[in-house]
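Take a look at the letters that make up each chain.
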Amino acid sequence: MLQAQLKDKTPTMLIGYFDDVVMPRNSMVMICRDNTDEDKGTKMSPDTVLSKAADVRYTNLTINWMAPEDATEPIEFVLSVMGKDSEWYAIYKSEPLKLKHFPVSTRECATTKSCFRYCVKGDPSKCMAHNARYMATFEYNKNKTEITIVVGGQLMDTQGYLAVGFTDDHKHMKHTDIAACYLEDNQTVAIKHLLLNGINEGVLDNAQGDLTLDKSDIDGDYVWCSFTREVSPDNDNDKHTNLELMKPTYFYYFWGAKIETRFILPERSQIKRSKSAIKHDSDSFNVIHSSAG
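Given the structure is predicted, the values throughout are model-derived calculations rather than measurements.

**What to know about the sheet that holds strand 4 (residues 48-51)**
- Spatial strand order, 3-4-1-6-7: 5 strands in an open sheet with antiparallel pairing. The open sheet terminates on both sides in strands that have one partner only, identified here as strand 3 (27-30) and strand 7 (89-93). Each strand of the sheet is rotated relative to its neighbour by a mean of 30 degrees, with strand direction disregarded.
- Sheet topology places strand 6 (residues 75-82) next to strand 7; 5 bridges connect them, and they run antiparallel. Paired with methionine 82 across the bridge in strand 7 is tyrosine 89.

Listed below in structure tokens is the structure:
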């Protein structure tokens, strides 16, 4: 029996849940924690994996576990093993693990930040953060003079990039301000400020003003960038150095190929955008957009 527990908690506190879609043969999931949300009609997720004896000797089992959003205390995985006919019983514990809070928290989505996520298959409304191929979040500071943007997802090709763009022209994408997250030398996360002069342009141009990477993360083939932008330009010379989110703006989300220093724009059908123009002081900002297919 395998569980994830908060370390040194009495009584035992189970945390996170196991993916019941991909499960080893002769294994099953179950719920052992108290269903405190049962009266609210909330479906509880499996927190325990059981694996029974098999006719073959296992060399290893692979099981996927999803971490909780708000864990701050160390976690340990606890494996309980019972011998044949209950002749013996043993408990094994992993080293304590502390969760990293980056790349991004999704708890504030639709409350203090706007979020977009894309899943390859399925119903867009059921595209959860942990299944997303691409995700972006946007959060203003208190005075709404700056916006913190996190963009990331699966970078299946190390020569590719993930991008978020902004423009008021949803037909031709003229003067689209773009930030691209990519791998430099196949191992270092970097961010690039780019400009698109129109949807018919095949290559993204370099934009004025460099972007500063606040945080970054690499998790397998997933890459993340976090950066902060000013909401409005200071003068006409900086027109494309800053975002212009004081007026209604369409948010664009896409990923493409990078050939040496050139960022190639994908086909229009592969570019996603917000359903409507978003204004920084509108309630429509704090929504969760999702797409699939």
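This is not the end of the story, as more comes after the structure.
**Remarks on the nonpolar core**
- Membership of the largest hydrophobic core comes to 28 residues, with the highest contact counts inside it found for Tyr134, Phe138, Val164, Phe227 and Tyr253.
- Only strand 8 (114-119), strand 9 (134-140), strand 10 (146-154), strand 11 (160-167), strand 12 (176-184), strand 13 (188-196), strand 16 (222-230) and strand 17 (250-259) provide two or more residues apiece to this core.
- The leading source of residues in this core is strand 9, at 4 residues.
- With near-sequence residues (within four places) excluded, tyrosine 253 lies in contact with Phe116, Tyr134, Ala136, Phe138, Ala163, Val164, Ile271, Lys272, Arg273, Ser274 and His289.
- Listed in part, the 17 residues of the second largest apolar core include Tyr182, Leu194, Leu204 and Phe263.

**Side note on the state of the cysteines**
- This model, assessed by the stated rule, comprises 3 disulfides.
- Note that cysteine 109 is cross-linked by a disulfide to cysteine 115, the S-S spacing being 1.9 Å. Note on the cysteine 109 and cysteine 115 pair: the S-S dihedral is about -85 degrees, so by sign convention the disulfide is left-handed. Residue cysteine 109 shares its accessibility class with cysteine 115, and that shared class is buried.
- Put simply, cysteine 119 and cysteine 127 are joined by a disulfide, and their sulfur atoms are 2.1 Å apart.

**Overview of the environment of leucine 245**
- Relative to the assigned elements, leucine 245 resides in the loop between strand 16 and strand 17.
- Take leucine 245: its relative accessible area is 0%, and that puts it in the buried class.
- Once you skip the residues sitting within four places of it in the chain, leucine 245 turns out to touch Tyr140, Ile147, Phe166, Val231, Phe251 and His280.

**Observations regarding the pairing of strand 11**
- Most of strand 11 sits inside the fold, with 8 of its 8 residues counted as buried.
- Relative to strand 17, strand 11 is paired through 8 bridges, and the arrangement is antiparallel. Bridge pairing in strand 17 links glycine 165 to tyrosine 252.
- Pairing between strand 11 and strand 12: 6 bridges, direction antiparallel. Bridge pairing links leucine 162 to cysteine 181 in strand 12.

**Quick look at the pattern of salt bridges**
- Tallied over the entire structure, the rule returns 9 salt bridges.
- Here lysine 7 makes a salt bridge to aspartate 8, at a shortest N to O gap of 3.7 Å.
- For lysine 113, the salt bridge identified is with glutamate 108, shortest N-O distance 3.5 Å.
- When salt bridges with common partners are traced through the structure, they connect Lys7, Asp8, Glu76 and Lys93 into a single cluster.

**Examining a nonpolar patch on the surface**
- Taken together, Val56, Tyr58 and Leu61 make up a surface patch of nonpolar side chains, about 240 Å² in accessible area.
- Considering the arrangement of structural elements, one finds valine 56 in the loop between strand 4 and strand 5 (65-66).

Parameters at a glance
Residues numbered from 1 in each chain as written. Predicted model: local features only at pLDDT ≥ 70, side-chain atom pairs only at ≥ 80, totals over all residues. Heavy atoms only, no water. Pairing = 2+ DSSP bridges. Helix = DSSP H or I, 4+ residues; strand = E, 2+ residues; numbered from the N terminus. Axes fitted to C-alpha atoms, helices over the stretch in contact; angles between N-to-C directions. Core = buried A, V, L, I, M, F, W, Y, C linked by side-chain atoms within 4.5 Å. Buried < 20%, exposed > 50% of the residue type's maximum accessible area, 1.4 Å probe, protein only. Contact = heavy atoms within 4.5 Å. Disulfide = S-S within 2.5 Å. Salt bridge = Lys/Arg side-chain N within 4 Å of Asp/Glu carboxyl O. Patch = residues over 30% accessible without salt bridge, like charges linked within 9 Å, V, L, I, M, F, W, Y side chains within 5 Å. Areas by Shrake-Rupley, 256 points an atom, 1.4 Å probe, with all protein chains shown as cover.

These figures capture arrangement, not role.
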